[in-house]
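Chain residues, written in single-letter form:
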Amino acid sequence: MIDGRLSENGAAAEAPAPRREPVQKRSRERYERMLEAAKELITQGGSDAMKMSDIAARAGVPIGSLYQFFPDKASIVRVLAERTHAESRQCIEDGLAGAREMMALRSSFADLIDEYYAIFLAEPVMRDIWGAMQTDKSLAALELAESRRNGALLAEAIMTLKPDADAETVSISAFLIMHLGEATMRMALQLPPDEGRTIVDGFKRMADRELSAL
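A short tour of the structure in this document, coming up. (Residues numbered from 1 in each chain as written. Predicted model: local features only at pLDDT ≥ 70, side-chain atom pairs only at ≥ 80, totals over all residues. Heavy atoms only, no water.)

## What to know about the environment of Glu123
Piece 1. When you line up the elements, Glu123 lands in the loop between helix 5 (102-122) and helix 6 (124-134).
Piece 2. Looking at Glu123, the relative accessible area reads 37%, which means it is partly exposed. (Helix = DSSP H or I, 4+ residues; strand = E, 2+ residues; numbered from the N terminus. Buried < 20%, exposed > 50% of the residue type's maximum accessible area, 1.4 Å probe, protein only.)

Pasting the structure below:
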């Protein structure tokens, strides 16, 4: 059964991780400055153009301090992506929590799609982080694992309302809906606003048909 766990081959676990996260207040503040500097540089020129030396300079820290926490650029992108994922996951949990019937769940899910799209339109750095994840296999595995987790959240909400439904079918459908939703957002953000909105609305209709069939 497809659920929110990582794949057995541990692909997502191979994604580059920070060397360590600081505990002391001063180190934590420095750590956050580094991440904020990286976000600003990604927004300005994309992750490909970002250099570790530029991050350190913008954050006002020695390059050695940066490497104490992050072994490379990919590890920085990973932390930024994980934070984005955590916010999105909480948004999904909150959005689905109040549904007491399938019609309400379908409506709540459609609202979530609109909210998700609005967030990415408002935060250009998120788009660049997404792009960076697509070019790094380990980070792409991280995104796939996140789709599984989000799919598990949707499947759980459906099974709560439809306990007699086939769990395997629900799990697969929920995973597909979530993963295709991510792909839809990437496509929409690369298009002119009007066309992007049309693409998102098209996905909403497709997702609703799948949910209604369950």
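Next comes the rest of the description.
## Let's talk about a negative patch on the surface
Piece 1. On the surface, Glu93, Asp94, Asp111, Glu115 and Glu156 cluster together into a negatively charged patch.
Piece 2. In this structure, Glu156 sits in helix 7 (residues 137-161). (Patch = residues over 30% accessible without salt bridge, like charges linked within 9 Å, V, L, I, M, F, W, Y side chains within 5 Å. Areas by Shrake-Rupley, 256 points an atom, 1.4 Å probe, with all protein chains shown as cover. Salt bridge = Lys/Arg side-chain N within 4 Å of Asp/Glu carboxyl O. Lys, Arg positive; Asp, Glu negative; His and termini not counted. Charge placed at Lys NZ, Arg CZ, Asp CG, Glu CD.)

## Here's the deal with the nonpolar core
Piece 1. Among the nonpolar cores identified, the biggest contains 58 residues, and Ile55, Phe70, Ile76, Leu105, Phe109 and Leu154 are the most heavily contacted of them.
Piece 2. With nine residues, helix 4 (residues 73-97) is the single largest residue contributor to this core.
Piece 3. Residue contacts for Ile55: discarding those within four places in its chain leaves Met34, Ala37, Ala38, Leu41, Met50, Leu66 and Ile76. (Core = buried A, V, L, I, M, F, W, Y, C linked by side-chain atoms within 4.5 Å. Contact = heavy atoms within 4.5 Å.)

## Describing the packing of helix 7 against helix 8 (residues 167-189)
Piece 1. Where helix 7 contacts helix 8, the axes come no closer than 7 Å and their chain directions differ by 130 degrees. On the basis of the axis angle, helix 7 is oblique to helix 8. In this structure, helix 7 meets helix 8 at a crossing whose hand is right-handed. For the pair helix 7 and helix 8, contact is made by Glu143, Leu144, Ser147, Arg148, Asn150, Gly151, Leu154, Ala155, Ile158 and Met159 and by Ala167, Val170, Ser171, Ala174, Phe175, Ile177, Met178, His179, Glu182 and Arg186, respectively.
Piece 2. A breakdown of the residues in the contact of helix 7 with helix 8 according to their chemical character gives eleven nonpolar, five polar and four charged. (Axes fitted to C-alpha atoms, helices over the stretch in contact; angles between N-to-C directions. Parallel < 35°, antiparallel > 145°, perpendicular 65-115°, else oblique. Left-handed = near helix turned anticlockwise from the far one by under 90°. Nonpolar A, V, L, I, M, F, W, Y, C, P; charged D, E, K, R; others polar.)

## Some words on the packing of aromatic side chains
Piece 1. Taken as a whole and assessed by the stated rule, the structure comprises three aromatic pairs.
Piece 2. Judged by centre distance (5.6 Å) and plane angle (75 degrees), the rings of Tyr31 and Phe69 are edge-to-face. Separated by 38 residues along the polypeptide, Tyr31 in helix 1 (residues 25-45) and Phe69 in helix 3 (residues 63-69) bring together distant segments of the chain. An identical accessibility class is assigned to Tyr31 and Phe69; each is buried.
Piece 3. Considering the side-chain rings of Tyr116 and Phe120, the 5.0 Å spacing of their centres and the 70 degrees angle between planes classify their relative orientation as edge-to-face. Separated by four residues within a single helix, Tyr116 and Phe120 lie in helix 5, roughly one turn from each other. For the pair Tyr116 and Phe120, a shared accessibility class is recorded, and that class is buried. (Phe/Tyr/Trp six-rings, centres within 6.5 Å; stacked < 30°, edge-to-face > 60°.)

By themselves, these figures tell us nothing about what the structure is for.
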